[in-house]
Every structure is written in structure tokens, then in C-alpha cells.
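Summary of structural features
Each chain, written out:
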Amino acid sequence: MAWSRIAVFASGQGSNFAALVQAQREGRLGSGNIELLVSDKPEAPVAQRAEEAGIPSLLLRPKDFAGREQYEAAIVAELKRRDIGLVVLAGYMRLISPVLLEPYAGRIVNIHPSLLPAFAGKDAIGQALEYGVKVTGVTVHFVDGGMDTGPVIAQRSVEVQSEDTAESLAERIHQVEYALYPEVVAALADGKVTLNGRKAVIAD
Ligand code: GAR
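One structure accompanies this document, and this report is about it. By convention here, each chain's residues receive numbers from 1 onward along its written sequence. Only residues with pLDDT of at least 70 are given local features in this predicted model, and only at 80 or more are side-chain atom pairs given and counted; all residues enter the totals for whole chains, interfaces and linings. Hydrogen atoms and water are omitted, and side-chain values are computed over all heavy atoms in the structure.

1. Things to note about the sheet that holds strand β1 (residues 2-9)
To keep things clear, this is the line we draw: Each pair of strands is called paired provided DSSP finds at least two bridges between the two strands. Helix and strand assignments come from DSSP, with helices taken as H or I runs of at least 4 residues and strands as E runs of at least 2, each series counted from the N terminus. Helix axes are fitted only over the stretch in contact, all axes being lines through C-alpha atoms; the angle between N-to-C directions runs from 0 to 180 degrees.
Spatially, β3-β2-β1-β4-β5-β6-β7 is the arrangement adopted by the 7 strands of the open sheet, whose pairing is mixed. Here the strands that pair on one side only, and so sit at the sheet edges, are β3 (57-59) and β7 (152-159). Looking at each pair of strands side by side, their axes are set apart by 20° on average, direction ignored. Where strand β5 (residues 108-112) meets strand β6 (residues 135-142), 4 bridges bridge the pair, whose relative direction is antiparallel.

2. Structural notes on the side chain of His141
Put simply, the rule is: Buried means the residue's accessible area, taken with a 1.4 Å probe over protein chains only, is under 20% of the maximum for its type, while exposed means over 50%, and partly exposed covers the values in between.
Following the sequence through the fold, His141 ends up in strand β6. A relative accessible area of 2% means that His141 is categorised as buried.

3. Re helix α6 (residues 166-189)
What counts, and what does not: The span one expects for a helix is its residue count, reduced by one, times 1.5 Å.
Along its 24 residues, α6 runs 33 Å from first to last C-alpha, staying within 8% of the 34 Å computed at 1.5 Å per residue. Positive backbone phi, approximately 70°, marks Gly191, located one or two places after α6.

4. Digging into the layout of surface pockets
Empty space among the atoms can be located by rolling a probe the size of a water molecule over them. Selection rule: Definitions used throughout: a 1 Å grid over protein atoms alone; a cavity as a set of points that fits a 1.4 Å probe which cannot get out; a pocket as an open set with protein on both sides within 12 Å along at least five of seven lines; a lining residue as one with an atom within 4 Å of a point. Grid points are joined across faces, edges and corners, and a volume is the space filled by probe spheres set on the points. Throughout, the ten residues Ala, Val, Leu, Ile, Met, Phe, Trp, Tyr, Cys and Pro are labelled nonpolar, Asp, Glu, Lys and Arg are labelled charged, and all others, Gly among them, are labelled polar.
As a volume, the largest pocket reaches approximately 860 Å³. Around the largest pocket, the lining is made up of 35 residues, and of these Gly91, Tyr92, Met93, Ile111 and Pro113 lie nearest the centre. Elements that contribute at least two residues to the lining of the largest pocket include exactly α1 (15-25), β5, α5 (124-131), β6 and α6. A class-by-class count of the residues in the lining of the largest pocket yields 14 nonpolar, 15 polar and 6 charged.

5. So, the pattern of salt bridges
When the charged atoms of two side chains lie near each other, side chains of opposite charge can form a pair. Our working rule: A carboxyl oxygen of Asp or Glu within 4 Å of a side-chain nitrogen of Lys or Arg is what we treat as a salt bridge.
Summed over all chains, the structure comprises 9 salt bridges. A salt bridge links Asp40 to Lys41; the nearest nitrogen and oxygen atoms lie 4.0 Å apart. In this structure, Glu183 engages Arg156 in a salt bridge whose closest nitrogen and oxygen atoms are separated by 3.1 Å. Of the two residues, Glu183 is situated in helix α6 and Arg156 in strand β7; the sequence distance between them amounts to 27 residues. Glu183 gets classed as partly exposed once you look at its relative accessible area, which sits at 44%. Shared partners join several salt bridges into a network, and the residues in it are Asp40, Lys41 and Arg94.

Below you can see the structure in the form of C-alpha cells.
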């Protein structure tokens with residue numbers, strides 16, 4: 001399983017997927033190569049983006065399977081078939097079960113639009129505005145069985161302005177995501193990230 005062979009999982013717009021594809025084109029993804037898009041929403045805009053980019057996609061509706069385990073087993077079979085070594089969640093709005101977590105232990109990462117452990121789960125940007133924090137941000141972390149609870153790999157802060165709406169704050173957070181995620185994925189693909197307990201370190 002080469003770390004450089006990447007599958008991106010996404011459920012929606014796929015702007016982070018597009019940023020990763022762009023980074024690869026511009027030589028900013030290290031030895032990373034995006035081999036596959038996996039989406040649980042075949043009608044989502046991200047599927048169109050993959051088609052335009054010429055990246056194969058696996059579009060499976062969970063409800064077409066007997067249960068989550070069977071759905072994920074179908075995904076794992078395709079990941080193995082393509083010798084995928086790194087799973088990059090980019091707006092994939094489902095919890096991952098042991099069926100996928102176990103064969104890819106330590107090889108699944110996620111991006112979340114807050115400074116975890118603050119504002120885990122859904123609508124992190126709305127949660128931050130509601131709470132009234134002055135600083136929020138972006139976290140890239142390893143995925144474990146919990147909701148946004150895995151070891152943090154990298155974080156970047158974003159200031160909240162008094163006039164911010166959910167839209168304006170999301171826009172600035174997205175810009176930070178588009179810069180940060182390719183950097184971290186490149187480091188992972190190049191084998192520069194080590195994990196000791198909960199402590200992840202990116203080598204220079
Ligand atoms: C991103 O902001 C990502 O951080 C967030 O979903 C958005 C997807 O946007 N993920 C989560 O909230 C995960 N809990 P995109 O589809 O345009 O990349």
C-alpha cells in the first residue's frame with residue numbers, strides 16, 4: 001500500500017477535492033497522486049468535478065446496501081483493487097466504521113472547519129459563530145472511531161470578525177483549507193508524518 005496512492009472521499013461541493021487536484025497539477029502534492037474519488041452522493045457536484053478532472057470515481061449510495069458494513073466493504077474492495085494507501089476525507093459527511101478503519105488504520109485523515117476539539121460534528125462554523133469565539137480555524141487530523149476525535153496533524157487559525165456571517169466566515173475558512181490540506185497530504189504522501197500516541201509530527 002503506497003502512501004502516494006490517494007483516494008479522496010467527499011459528499012458535497014468538493015471544493016477541497018478541487019483544491020487537492022489543483023495542487024497535484026501544480027506539483028504541490030509531493031509524491032501524492034489522486035487515484036479515485038469516493039462519494040456517497042452520486043448526484044453531488046463533486047462527482048462532476050472528478051469527471052472533468054479525469055479522475056475515476058466510485059459513487060455508491062449507502063441505502064442500496066444492507067447496512068453500513070456492506071457499504072464500506074464494497075469501498076474497501078475497490079480501494080484494495082486500486083492499491084490505495086491513503087484515504088483523504090474532504091467533506092465526507094459520514095462516520096467511518098471499523099470495516100474501513102481497520103484495514104486503513106493510521107492512513108485516513110480528515111479536514112474539519114474549526115480548531116478541534118472545539119466545535120466537532122456538524123455545522124462547525126455555525127457553532128463557532130453562535131458561541132461567539134473570536135478565533136476559529138481549520139484542523140487536519142487522523143480519523144478514529146469517534147466524531148472528529150483523532151490525533152491532530154495540523155491546525156491553522158482564522159479570526160472571526162464582528163460583522164461575520166456564516167457565509168463570510170466560511171469563505172475565509174475555505175481559503176485556509178485549500179492551502180493547508182494539500183500541504184498536509186503532501187507530507188503524508190511523502191512519509192513525513194509520524195504519530196506517537198496522540199502526537200503527530202511533520203518532519204521538515
Ligand atoms: C469543508 O469546509 C470541510 O472542512 C467540512 O465540509 C466542507 C466541505 O466543503 N467538513 C466537515 O465539516 C467535516 N466534519 P467542500 O465539499 O466544498 O470541500
